[in-house]
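# Structural description and commentary
Here are the chains, one letter per residue:
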Amino acid sequence: MLKIFINRWIFLLIIIIFNLIIGLRTSIKFFHLFFWFLSTLTLIGFAWIAAEYYNLRLYLRRITPSKIEEDDYLEIEAVIENRGFWPLFNLVFEDFVSCAETAERKKRLIIEYLGRKSLLKLKYRCRCLQRGRYDLGPFCVYLFDPFGLFFLRKTYRIFSEIYVYPQTFDIQNFPELTKGFTPWFGIETSRVSGDEHEFFGIREYKPGDPIKKIHWLSTARKNSLIVKEFQKQTFYSASIVFNLNKDMNYGEGKNTVVEYAVKIAASVAKYLINKNVSLEIIAHVGEVVHMPFNKGPEHLDDIFRFLATAQAESRITLTELFSEFSRYMLTDSTMIVIMLDEDWKYLPEILSLGKRNVSLIPLVLVSSSFLYPLGDKGLIKSKQMKFPRTHKFTAPIFFTRGRSLEEPFMDLKI
Amino acid sequence: MHQKEKYLLLEFLFTFLLLLSILILFGKTVLTYSPHVVIGLVAGFYFTWLNRKNPRAFIPVLITLAFIGILIWLVSSIINSSLLYKKIVSICLKAAFFFEVALAFNGLPPFLTYMQALSVPILMCFPLFAGNLNPLHLILILSYLIFWVLILKVKFYHTFQSFEKPDYTIRYCALPAVVFFLAIAVVSTTIFYFLSLKDIKGGGVFYEKGLGEEVKEDAEEKEYYDLQDKVQKNISNFIPNLKLQKDRYDALRLLSLSLNEQPEAMEVKKAQDGLISYLGSPGHGLEKKDAEIITSQLKDYIDKKILINLKRIKGDAIDVLKKNEFNIMSRVSILRRINAMQFSNSYPEVNKHEKDLQNIINNSLTGKDVKRKFAQLLRRFKDWKVLEMYRRKLNFMNTQLETLEAQSKQKMKDLLSEIDSIEKAALIKDLEAKTEKMEADEAGEAKKIAEGAKTLLDLKLEMLLSEEAKRIKAKLKNFILTENKRQELEEQVEDIEDSKDIRETAEKYLQYETAIKENNLDLKKETSDFLKIKIKILSRTEKESFKGALKENILPDNGKEILDQLRELEAVETSEKLIYDAERLKENVDRFLEQGFISKNSQKELADRIQNLKDIFSFKIALGQNLRRQEADKSSDQAALWKEMIENLSLKRERKELLKRLADELLKTETIFQVEDFKVMGQREIQALSQESVKKEQIKKIEEIFNSMVTNHLVFIKEKALSALRKKIEELNKFNAQQASMINEYLRRIIENASQEEIKKNLDSLQEYVQRKPPADKERDKKVKEDGSWQIYILPPYLIAPVGSSRALKTIVIYNKLFIKEDVPGLEWHSSGPDIATVDDAGVVRMLSKGGALIKARYKGGESQEVEVIGVDRMDEQTNDIVKKEINLAH
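Below is a summary of the structure that appears in this document.

Definitions and cut-offs
- Residues numbered from 1 in each chain as written.
- Chains lettered and ligands numbered in written order.
- Predicted model: local features only at pLDDT ≥ 70, side-chain atom pairs only at ≥ 80, totals over all residues.
- Heavy atoms only, no water.
- Helix = DSSP H or I, 4+ residues; strand = E, 2+ residues; numbered from the N terminus.
- Buried < 20%, exposed > 50% of the residue type's maximum accessible area, 1.4 Å probe, protein only.
- Contact = heavy atoms within 4.5 Å.
- Areas by Shrake-Rupley, 256 points an atom, 1.4 Å probe, with all protein chains shown as cover.
- Disulfide = S-S within 2.5 Å.
- Buried area = accessible area lost by both parts, 1.4 Å probe.
- Salt bridge = Lys/Arg side-chain N within 4 Å of Asp/Glu carboxyl O.
- Polar contact = N/O pair within 3.5 Å; in protein donor to acceptor, adjacent residues only side chain to side chain.
- Pairing = 2+ DSSP bridges.
- Axes fitted to C-alpha atoms, helices over the stretch in contact; angles between N-to-C directions.
- Phe/Tyr/Trp six-rings, centres within 6.5 Å; stacked < 30°, edge-to-face > 60°.
- Lys NZ or Arg CZ within 6 Å of the ring centre and 35° of its normal.

## A word on the overall build of chain A
- In terms of helices and strands, chain A carries 9 helices and 21 strands.
- Residues counted as buried form 50% of the 414 residues belonging to chain A.
- Sequence-distant contacts, at least 24 apart, represent 73% of the contacts inside chain A between residues at least 6 apart.
- If you sum the accessible surface of chain A, you get close to 21100 Å²; carbon and sulfur atoms cover 54% of it.

In structure tokens:
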């Protein structure tokens, strides 16, 4: 704000000084009058805004969602209430929306008139381009004189937290996961209708329920229609493993290895959680992050929150991460490793888990495409990669920069 | 339309109105180009509006070119202007308006903002071109301010996104703005009327540099006045001790002179000298020591007075500079030179600065009055400066004297006191010779002092000159003259005083001389003294420069030969010899050049100096002759004496009249032969007197007077003829120097030779030379052809004739101012009163009735003077005589 107005002030000051000098040196009335006019303008202007400033009783609130996905528009509503005795003219309201683009971070709105004891709802929105955790705020109120030449600023330290989740994409096909045999502890399950469907419980009949599903025994016991409820019960469990290595974070802007990795991880996590797979996250982002197996939307939220803030701060290799966690790996599970093609050399070690019936799904980011985004030179080294011939090994899915992330999954033939 | 575009359009509109209000405000000043500016602005804004979405790349290039063009125009206009700051500002103003137009073609922000900002300095130029603020001005300024407010508002909305709210916002945003504006207007006007900026000028945060100096000056002045009090007290106490009443009165007068608040430099000096001489004289009852204390106090006081006066006059000069239109360059150079003059210590330097200052003032564009005022201030300044330098030099030399041996010390002391006490122009020559002799004779310290004495003499001369000028002015006050005339004469005297080279002096002197003659003023003595000093100063300066130029070269015998010649040149008394000697001197210098003793530059410089010196000396000679001629004019006094004597004789009335008329007629004669005739006639009459019972003594006296009258008149005629001849020669010199010098040479020989034969011989050869046909000169022939003027003269210049008679008028026609023809046929005659007198083609006037008429003749575009013809009744001889006499008197 100062940047916008400082030139005007300097110009005004120069004119005042010139008038003063000429006025003192000569007796030309024009300069005297002009000098007094400009000086009075300055003085009364400041007096005006000072009076407003010291009588200012504003209450501000921000209403905003706590989470949003990358590239989505964030709708914010600010409530501004004048509890002072005097009405306010010509004030500029400013909110610092840190999640927006740099140019759009300061949202400024002129409020020409705010009556005494009145309330105003301001709505504004911004596009959140970068995943992360942000604090919106503070609010600033600039009080202007009626000509809009001078201002005083008052800051209200009101902040709101918001998570911008990484962008996800739809996954159409996904390689087959290893079926687990681990039962739900403490819950007696019986196979009634197929492998996939687990008996979940009973509930009262609602119109439209198939008659086939009526649990007559319970109906008799309760003396009302009771139906059986089934849930698609899974025995699948999967671990997503990735290492956000700082030194291998190729690319720039939003097209970096890390951003791709995070996006893939988020999408896969979302897909798997939706499929009711029990999911574990093992990652290194400067520190080791381990999110144990769990299901459900809350778990997904946790994962997303973590992914929103994950940064490429790791200095260790994938093997080191793996060696630390391999012994905790569940048998009969799937390990989804998001890796660079450069990490291929660590693959044999990972494959040793095959003994414990842990299958591997490598999601490979082709590093060269991030290094040389404009050419195909040495784009992919897949031909040089030796794929181990075991049944536990799924063929790697390659991701390159510039290519839609959905495509590699679509290409899968299951 | 997009919101941002709306703002842009509004800003265009308000900016245009902003500039339009200034254009109207400036009115006449910008009238010549204001339509162009308006059209340019409209076109520029329209152009920008069309290209607002995708500005063309070539526009900035074109605008930069336009800027460069305007800048070049600006610089060249300023350089070629008169440099008066009003002119400079008006040029800058024009440039600023065209900058605005150029900017309008790229009028998107930030250039739009630059346009608005530029309007403020333009507005601030307005008071330079307007007199008092009138209501229209105020309204326009007010509207200018309102447009600014609107622009600020638009910018405000443009910068921040407006929050769309119910429509009452407009009401609520306009209201406080109006209240705000009114508050500012009321408060600022109130302050403007009740608290002038001058009130805060006195100090506080607005500390002015000048104030400190004023305080210092005050201290200085206080010291001066303290000293003045002391001097006044001491001398007042001392005066009653003087024995003679006359002395007491004189001392009192001197004291009051020296204490005068607005004194003349020379008067103060005189007063001081007088008082010191009273203090120094024995028998006033004071102890010697006390007298010395008072003397030194007085001297200190005078020193201080000089410094204070220099400062005051400088202050006055600066005031004049401030209040009048001087351009910046001359302002600076004037101030610089005044300062240099104030602190300079060498006489030539002061002279040089003075000359420069005069040039600057004369070349400036200010009015005549201001120039005159400044010249007066400058003269006063110089007077004081000269006095200061003189005193300093004298004091310094007096201290130097102490180092000398007793004998030469006394000699030098005498010389210095002689210089100090000199008061008349006549004595200067001797003193100058004495000083030069001493300079040549003495050696070592004494020589240095003798050299210093020369400078002292220079300064003294300057002082004498201004004193003489003042004397003339004082005398002018005694004559009965109109104020304008007196002022004119005074200015002429000042001009002569200020003139820096001989040509200027001569020119101014001629004007002065004519004016004096016109008004019949008796200022011969004063003028002569004044001019003598002026010439002395000029010749001394020139001589010094000549010697200086000579000194730069190594000459055999230190250029003694040339210096001797120069001395001789100064002593020459006739202009012919002067020209001859000057030629010889020049030849000598040329010879030295050929021999390699002096450089080409020096030769040039020396030749210039010789030319100047020649001019000075010839002016001196001419002046001497002029004065002599004025002496000869005394013959008219003698004529009066003659008439008086005749009146006293016991003779018949007619006879007396005849004798009286003889003197008048004699004075009217213009050739030597006529004078000879009258001489014979007069002698015959005088001899006749002896037979008419007139006493012998009386006759002798009358004869004596008559003879001296004749001799004087002869001298007068001779001088007149000579000066006319010299004038001719001077003219001839302009296009044929060789011929002129030849004629000059003959003339010199004629004047110098005493024997009749030689004169005759020379005269003959001169005539022969003159009559010889000059070599064909095409250019000159052409000149003759081109000049086609006809002049017609009718004789007699008036005519009285009885009614009924007829008289023939004689005509002389001159073609080309060269060919004379008498009685040319084909003249056109015209009479103003054909009922009184008619005139026929042959120029015969026939008187028809009583009364007067004017007769005129025309010939080929030329027109004669008017001849008055008077018709009278035939009358007896006696009346006829009286009438004739009356007419004689009238003409």
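## Some thoughts on the environment of Tyr372 of chain A
Residue and element names in this part refer to chain A.
- Looking at where Tyr372 falls in the secondary structure, it is placed in the loop between α8 (367–371) and β21 (397–399).
- A residue is classified by how much of its surface remains accessible, and Tyr372, at 48% relative accessible area, is partly exposed.
- Here the alpha-carbon distance between Tyr372 and Gly251, two residues 121 residues apart in the chain, equals 8.5 Å.

## What about the state of the cysteines?
Residues and elements named next belong to chain A.
- Evaluated as defined, the whole model comprises 0 disulfides over all chains.
- The structure places no disulfide on Cys99, whose sulfur is separated from the nearest cysteine sulfur, that of Cys128, by 3.4 Å.
- The exposure class of Cys99 is buried, given its relative accessible area of 2%.
- Here Cys128 falls in the buried class, since its relative accessible area comes to 0%.

## Looking at the interface of chain A and chain B
- Contact residues are listed per partner, giving 47 residues for chain A and 43 residues for chain B.
- In total, chain A and chain B occlude about 4500 Å² of area from one another, counting both sides; carbon and sulfur atoms represent 82% of this.
- Taken together, chain A and chain B are joined by 0 salt bridges.
- The interface formed by chain A and chain B includes 3 residue pairs in polar contact (both at pLDDT 80 or more).

## Section: the sheet that holds strand β10 (residues 160–165) of chain A
All names here are of chain A.
- Across the sheet, which stays open at both edges, the 3 strands sit in the order β2-β10-β7 with mixed pairing between neighbours. Either end of the sheet is taken by a strand with one partner, and the two such strands are β2 (67–69) and β7 (132–136). Here the strands of the sheet are splayed against their neighbours by 30° on average, with no regard to which way each runs.
- Looking at chain direction, β2 and β10 are connected through 3 bridges and run parallel. Within the sheet, the bridge partner assigned to Ile68 lies in β10 and is Val164.

## What about the pattern of salt bridges?
- Following the criterion strictly, the structure yields 56 salt bridges over all chains and no others.
- With a closest N to O distance of 3.0 Å, Arg131 of chain A and Glu259 of chain A form a salt bridge. Here Arg131 of chain A, found in the loop between β6 (118–127) and β7, pairs with Glu259 of chain A, found in helix α4 (residues 257–274); they are 128 residues apart in sequence, far enough to count as distant. Each member of the pair, Arg131 of chain A as well as Glu259 of chain A, is classed as buried.
- The residue Glu494 of chain B makes a salt bridge to Arg372 of chain B at a minimum N-O spacing of 3.1 Å.

## With respect to the packing of aromatic side chains
- Enumeration according to the criterion identifies 49 aromatic pairs over all chains in this entry.
- Relative to Phe98 of chain B, the ring of Tyr33 of chain B lies with its centre 5.8 Å away and its plane at 45°, an arrangement referred to as tilted. Within this pair, whereas Tyr33 of chain B is found in the loop between α1 (3–26) and α2 (34–50), its partner Phe98 of chain B is found in helix α4 (residues 85–104), the two being separated by 65 residues in sequence.
- Taken together, a centroid distance of 5.6 Å and an interplanar angle of 10° make the contact between Tyr224 of chain B and Tyr301 of chain B stacked. Of this pair, Tyr224 of chain B sits in helix α8 (residues 209–238) while Tyr301 of chain B sits in helix α11 (residues 288–323), and the two are 77 residues apart along the sequence.
- Members of the aromatic cluster, joined through ring pairs, are Phe5, Trp9, Phe46, Tyr142, Phe144, Phe150 and Phe151 of chain A together with Tyr7, Phe156, Tyr157 and Phe160 of chain B.
- The aromatic ring of Tyr53 of chain A is capped on one face by Lys154 of chain A, whose charged end is 5.1 Å from the ring centroid.
- In this structure, Arg52 of chain B packs its charged tip against the face of Trp49 of chain B, placed 3.9 Å from the ring centre.

## Re the environment of Ile59 of chain B
Residues and elements named next belong to chain B.
- Tracing the sequence through the fold places Ile59 in helix α3 (residues 58–80).
- Accessibility expressed as a relative area gives 6% for Ile59, which makes it buried.
- Sequence-wise, Ile59 and Asn106 are 47 residues apart; in three dimensions their C-alpha atoms are separated by 6.9 Å.
- For Ile59, the residues in contact, after removing those within four places along its chain, are Phe47, Asn51, Phe105 and Asn106.

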